[in-house]
Each structure stands twice: as structure tokens, then as C-alpha cells.
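Secondary and tertiary structure notes
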Amino acid sequence: MPACAGKTPNCADLARMYEVGDGVAVDANMAARLYDRGCRAGETAACEGLGRLYEGDSPALSRSHVESEADAYMSRQIPTYRKSCSAGDRRACEVPGDLYAGGLYGLAKSADKAVTFYEMACRSGSATACDKATRL
């Protein structure tokens, strides 16, 4: 596996290359491993990328391929999303809001928790999150 933590390009950049086939063959499993490595090293973009894979929003992988891992992963990632959100990453604020709003990936449905995350994303400039917060 390519070394990436603390290097340029970082793990998120390398993972994205494997996710979309930019200069390398598409390899969703390698992308997931690199995103995970970067996320564990504190790369917020890598956390978001791994979440996107598990949400099924990736061109390389559908949620059905990782369903057994997705529930456990997403529930463990809430603290990482919170940290990234506090650092101003509005996508990292909005994702947990969506998870709590829908009771997805094994998380208990909670409008209060969803609104908390949506309001943080709203303060970071996400008009979509502002709208979601007012609708709950």
C-alpha cells in the first residue's frame, strides 16, 4: 500500500485517485484502505471520502458492497465528524446530521442531534444545512 500519512500527496488524494481511476486502475478496496489510513491520521478529507464510499456516493463502490462494515464504521465516525466539523468542515457537520435525521447506519434517530449538526454546518456557510435544520 502506498505510504501517504503526513506526506504529499496525502492519503485522501491517493485514495481519490484509486476511487475514480486517475492514473491508476479503479480499486475501491484500496481507496477505502487509504481513506481509512488518512482519517486515522487526522485528514478530514479522508474521513469524508471514506464516509462517501460507505454512503454509496462513490463512483467506485455501492453501499451494498460494504453494508456489513458500513454500520459499524459510520457509528464510530461520529466523533471524527464532530472534530472535523469543529474545524470548519461543513460537509463533516452535515453528514452526521443526515445520519441522525434518518436513523441511518445503526444510529438511533434523533432530531435534536441532527439539528445540532445542521446548525454547525449552517454557521459554516451551508445553505442546505440551514434549510434542513429549519425543517426538523
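Now for a quick tour of the structure. Values in this document were obtained by computation on a predicted structure and should not be read as measured data.

**Quick notes on the environment of glutamate 94**
Note on placement: glutamate 94 falls in helix H5 (residues 90-102). A distance of 3.1 Å separates polar atoms of two side chains, one belonging to glutamate 94 and the other to serine 126.

**Here's the deal with the state of the cysteines**
Each disulfide consists of one covalent bond between the sulfur atoms belonging to two cysteines. For the structure shown, the criterion picks out 3 disulfides. Between the sulfur atoms of cysteine 85 and its disulfide partner cysteine 93 the distance amounts to 1.9 Å. Because the torsion about its S-S bond is 100°, the bridge between cysteine 85 and cysteine 93 counts as right-handed. For the pair cysteine 85 and cysteine 93, a shared accessibility class is recorded, and that class is buried.

**Some details on helix H6 (residues 111-123)**
The end-to-end C-alpha distance of H6, which contains 13 residues, comes to 18 Å, matching closely the 18 Å that a straight helix rising 1.5 Å per residue would cover. Within the sequence span of H6, burial applies to Ala114, Val115, Phe117, Tyr118, Met120 and Ala121. Of the residues one or two after H6, glycine 125 is the one with positive phi, at around 110°.

**Section: the side chain of serine 84**
In this fold, serine 84 is placed in helix H4 (residues 63-86). The exposure class assigned to serine 84 is buried, which follows from its relative accessible area of 3%. Those residues in contact with serine 84 that sit more than four places away from it in its chain are Thr44, Asp89 and Ala92.

**Here we look at the pattern of salt bridges**
A complete count under the given rule lists 4 salt bridges for this structure. Between glutamate 19 and arginine 16 there is a salt bridge whose closest N-O contact spans 3.2 Å. Here glutamate 19 pairs with arginine 16, and both are found in helix H1 (residues 11-20), just 3 residues apart, close to one helical turn. Of the residues examined, arginine 16 reaches a relative accessible area of 37% and is grouped as partly exposed. Ionic pairing is found between lysine 132 and glutamate 94, a salt bridge with its closest N-O pair at 2.9 Å. Remark: glutamate 94 occurs in helix H5 and lysine 132 occurs in helix H7 (residues 127-135); sequence separation between them is 38 residues.

Reading the values: the criteria
Numbering of residues starts from 1 in each chain and follows the order in which that chain's sequence is written. Under the rules for a predicted model, residues below a pLDDT of 70 receive no local features and side-chain atom pairs below 80 are neither given nor counted, while totals for whole chains, interfaces and linings still include all residues. Each side-chain value is worked out from all heavy atoms of the structure, with water and hydrogens disregarded. Each helix is a run of H or I in the DSSP string that is no shorter than four residues. Each strand is a run of E no shorter than two, and both are numbered from the N terminus. Two N or O atoms count as a polar contact when they lie within 3.5 Å, although within protein this holds only if one can serve as hydrogen donor and the other as acceptor, and sequence-adjacent residues are included solely when both atoms are side-chain atoms. Two cysteine sulfur atoms make up a disulfide if the distance between them is within 2.5 Å. Working definition: with a 1.4 Å probe on protein chains only, accessible area under 20% of the residue-type maximum means buried, over 50% means exposed, and in between means partly exposed. Expected span of a helix: the number of residues minus one, times 1.5 Å. Whether two residues touch is decided by their heavy atoms; if any such pair falls within 4.5 Å, the residues are in contact. By definition, a salt bridge exists where a carboxyl oxygen of Asp or Glu is found within 4 Å of a side-chain nitrogen of Lys or Arg.

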